[in-house]
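Spelled out, the chains give:
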Amino acid sequence: SKLNATFDMKDLGEASHILGMRIVRNRDKKVLFLSQSAYIDKVLKRFNMEKGKALSAPLLPHVKLSLNDCPKSDAEKAEMAKVPYSFAVGSIMYAMICTRPDIAYAVGVVSRYMSNPGKKHWEAVKGIMRYLNGTRDVCICFGSKGTCVEGYTDADYAGDMDKRRSTSGYIFMFTGGAVSWRSRLQDCTSMSTTEAEYIAASEACKEAIWLARLVRDLGITVEMPTLHCDSQSAIMLAKNPVFHAKTKHIDVKYHFIRDMLEDKLMELVKVHTDDNPADLLTKGLPAARFAHCRALMGVG
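In this text the structure is predicted, and so the values were computed from the model without any measurement.

How each quantity is defined
Residues numbered from 1 in each chain as written. Predicted model: local features only at pLDDT ≥ 70, side-chain atom pairs only at ≥ 80, totals over all residues. Heavy atoms only, no water. Buried < 20%, exposed > 50% of the residue type's maximum accessible area, 1.4 Å probe, protein only. Helix = DSSP H or I, 4+ residues; strand = E, 2+ residues; numbered from the N terminus. Arc of directions from axis to C-beta. Contact = heavy atoms within 4.5 Å. Pairing = 2+ DSSP bridges. Axes fitted to C-alpha atoms, helices over the stretch in contact; angles between N-to-C directions.

Student: Please clarify how helix H8 (residues 232–239) should be interpreted in this entry.
Tutor: Side chains that are three or four residues apart share a direction in an α-helix, a result of its 3.6 residues per turn. For H8, every residue scored as buried is listed here: Ala-234, Ile-235, Leu-237 and Ala-238. Relative to the axis of H8, the buried residues are bounded by an arc of 160° and lie together on one face. Check the buried side of H8 and you find it contacts helix H7 (193–217), strand E8 (226–229), helix H9 (256–262) and strand E9 (267–270).

Here it is as structure tokens:
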């Protein structure tokens, strides 16, 4: 009403489509669905993948990509120059950013080779599109749970084949659906699984604090945000701010999580690996495990 009093506006009713996303409401059950089936259809048709055989996961565990798969001869480079690699990765990346956290890890891996992609990299991109072809109607469902900011974090130690860096992943849920997620290589080389998990938890901690403040600014009363981690060692390191000889090399910026826990601005708790949906954001998983993690994200 305030905007309408200031600007010349036209009320078109409840939003049903916005920026390629479709919004479906069920007032009786008090749930809302967010999907991009129409956008995914356009992407598949653009790259002639609408008839591709569907895959059960975007990146299976046996698929390992590295710089060794990049073209080395001029002939190979000339052949790959004809392939719209960066265009395809950018197209599926938009779906990942908006409504598809289940492809975040796979998109992150293939985007590392944008400057010099090889045939194996291109096959991986087509594998992601084949997965989307079988799951184009998948959507995020909101409203099935209470208004509590709940996050999950995980790390895959030294999973990168090129620099041996670890992959951090986190996902935050609100009213039963995913609202924020991230999968990316860590900026430094971790020297242990504990360090990799601790760094991932520290990055997720910043997102938890920001989301909690955002929800409160919207006028919604929420409890202290909870971050779940499946590494007991990383949890103990965060809760015990004494000197640790084996972790003294960890950058000071990653100890931010200790201050947040000490000030009781968030809670860090243990979760079993089987119940951690962030596992999907750090590595390729078998089909059954992948489907389980996707369901935990509220994506289905």
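Student: I would appreciate a short explanation of the pairing of strand E4 (residues 139–142) in the present structure.
Tutor: A regular strand carries its side chains on alternate faces of the sheet. Side chains of E4 alternate between two faces, with Cys-139 and Cys-141 and Ile-140 and Phe-142 buried alike. Sheet topology note: the strand E3 (residues 31–35)/E4 ladder contains four bridges and is antiparallel. The partner of Ser-35 across the bridge, within E4, is Cys-139.

Student: Can you help me understand the sheet that holds strand E7 (residues 177–185) in this one?
Tutor: The strand order E7-E6-E5-E8-E9 describes an open sheet built from five strands, whose pairing is mixed. Edge positions in the sheet fall to E7 and E9, since each has one partner strand and no second. Taking the axes of each pair of neighbouring strands and ignoring which way they run, one obtains an average angle of 20° across the sheet. One ladder, built from four bridges, connects strand E5 (residues 150–156) with E8; its direction is parallel. Paired with Gly-151 across the two strands is Leu-227, which belongs to E8.

Student: Looking at this structure, how should I read the sheet that holds strand E1 (residues 17–18)?
Tutor: Backbone-to-backbone hydrogen bonds join strands into a sheet, with any given pair of strands oriented parallel or antiparallel. Taken in spatial order, the four strands of this open sheet run E1-E2-E3-E4, and their pairing is antiparallel. Looking at strand neighbours, the two that pair on one side only are E1 and E4, the edges of this open sheet. Bridge analysis of E1 against strand E2 (residues 21–26) gives two bridges, and the strand direction is antiparallel. By the bridge assignment, Ile-18 is partnered in E2 with Met-21.

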